[in-house]
Amino acid sequence: MSHIRHTPEAPTRTQLLAAGQRVDAHRHDDHQIVYAGSGVLAVTTDAGTWFAPGTRALWVPAGTVHAHRAYGHLALHLVGLPADDNPLGLDAPTVLAVSPLLRELILAHTRTPEDTSPERARLLAVLRDQLRASPQQPMRLPTPTDPRLAAVCALVHADPADQRTLAALGAATGTGERTLSRLFRRELGMTFPQWRTQSRLYHALRLLADGTAVTTVAHRCGWSSASAFIDVFRRSFGCTPGAHLRQVRDETSGPSSP
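A brief structural summary.

Quick notes on the rules
Residues numbered from 1 in each chain as written. Predicted model: local features only at pLDDT ≥ 70, side-chain atom pairs only at ≥ 80, totals over all residues. Heavy atoms only, no water. Helix = DSSP H or I, 4+ residues; strand = E, 2+ residues; numbered from the N terminus. Rg over C-alpha atoms; globule rule 2.2 N^0.38 Å. Buried < 20%, exposed > 50% of the residue type's maximum accessible area, 1.4 Å probe, protein only. Contact = heavy atoms within 4.5 Å. Areas by Shrake-Rupley, 256 points an atom, 1.4 Å probe, with all protein chains shown as cover. Lys, Arg positive; Asp, Glu negative; His and termini not counted. Charge placed at Lys NZ, Arg CZ, Asp CG, Glu CD. Pairing = 2+ DSSP bridges. Salt bridge = Lys/Arg side-chain N within 4 Å of Asp/Glu carboxyl O. Phe/Tyr/Trp six-rings, centres within 6.5 Å; stacked < 30°, edge-to-face > 60°.

1. Re the overall build of the protein
Consideration 1: Check the secondary structure of the protein and you find nine helices and 10 strands.
Consideration 2: For 258 residues, the compact-globule estimate of 2.2 N^0.38 gives 18 Å, and the protein sits close to it at 19 Å.
Consideration 3: Dimensions of the protein along its principal axes, counting C-alpha atoms only, are 65 × 35 × 35 Å.
Consideration 4: Among the 258 residues that make up the protein, the fraction classed as buried is 48%.
Consideration 5: Restricting the contact set of the protein to residue pairs at least 6 apart, pairs at least 24 apart contribute 72%.
Consideration 6: Carbon and sulfur atoms provide 52% of the accessible area of the protein, an area that totals close to 11,900 Å².
Consideration 7: Across the protein, the centroid of the 27 positively charged side chains sits 8 Å from that of the 22 negatively charged ones.

Laid out in structure tokens, this is it:
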């Protein structure tokens, strides 16, 4: 990433982003919690892309160079924490589950960032406790560096509905199946089917953020049926794609976040 902006203090605030809007590469000396109250958020580093709908938040450790992109109209809630305050003990970007209580705590804390009252300090203490209890979620698309692996990943990204096996994709790019299988495990830490599912979910969230119908999303992203897509989506995000789509529509048409 070039032209990296350095903002020593990670801000605590609410920021509205239009569909497709980006926040260019930057870094903070503080940790930051990034939560999309509406829309879908993608955070990209040199190591990959982490993505989160409204049921997930992202932990960005101090010093991490990262960029944001909004899919759908996005209400971005940012919580900065000093570098010596790491309630999660994490040194890499991580997607976290957001319970209804943690969601309300984040919204309340980012609503009045100028407030320095004891009440708000106690609210932050509870927020930190809830963060510790938040399950980590594997919502990440690692960035391949090996050119053979990158070529196969590019084909899948270009057409999520592509049903070719790893052997067929390897034949199209000139690399054997066994070599690619080893590369997926060694470099990306997952199997090819696992990575392809992550890629399809990423594309599905982007389409849902644009208001695309669930059945159409399932078809475009390579699932054999809408029911198969719904099952994978529910297991990954804790809600059905229909419920997620209704939330996107409601929050897009409703009042703006403060």
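Having seen the structure, we can now continue with the description.
2. Brief notes about the pairing of strand 5 (residues 48-52)
Consideration 1: In terms of burial, strand 5 is largely enclosed, as five of its five residues are buried.
Consideration 2: Where strand 4 (residues 31-45) and strand 5 come together, five bridges link them in antiparallel fashion. What sits directly across from Leu41, in strand 5, is Ala52.
Consideration 3: Between the end of strand 4 and the start of strand 5, which pair antiparallel, lie two residues.

3. Examining the pairing of strand 8 (residues 94-97)
Consideration 1: Burial of the side chains of strand 8 extends over both faces: Thr94 and Leu96 are buried on one face and Val95 and Ala97 on the other.
Consideration 2: As paired strands, strand 6 (residues 56-60) and strand 8 are joined by four bridges and run antiparallel to one another. Within the sheet, the bridge partner assigned to Leu58 lies in strand 8 and is Val95.
Consideration 3: As defined by bridge partners, strand 8 adjoins strand 9 (residues 136-137) across two bridges and the pair is classed as antiparallel. The partner of Leu96 across the bridge, within strand 9, is Gln136.

4. Focus: the pattern of salt bridges
Consideration 1: Per the stated rule, a full pass over the model turns up eight salt bridges.
Consideration 2: One salt bridge connects Asp29 with Arg27, and the closest N-O pair in it is separated by 3.8 Å.
Consideration 3: Asp146 serves as the salt-bridge partner of Arg148, at 2.9 Å between the closest nitrogen and oxygen.

5. Re the packing of aromatic side chains
Consideration 1: The full count for this structure, using the stated rule, is seven aromatic pairs.
Consideration 2: Site record: aromatic cluster; members linked through ring pairs are Trp223, Phe229, Phe233 and Phe237.

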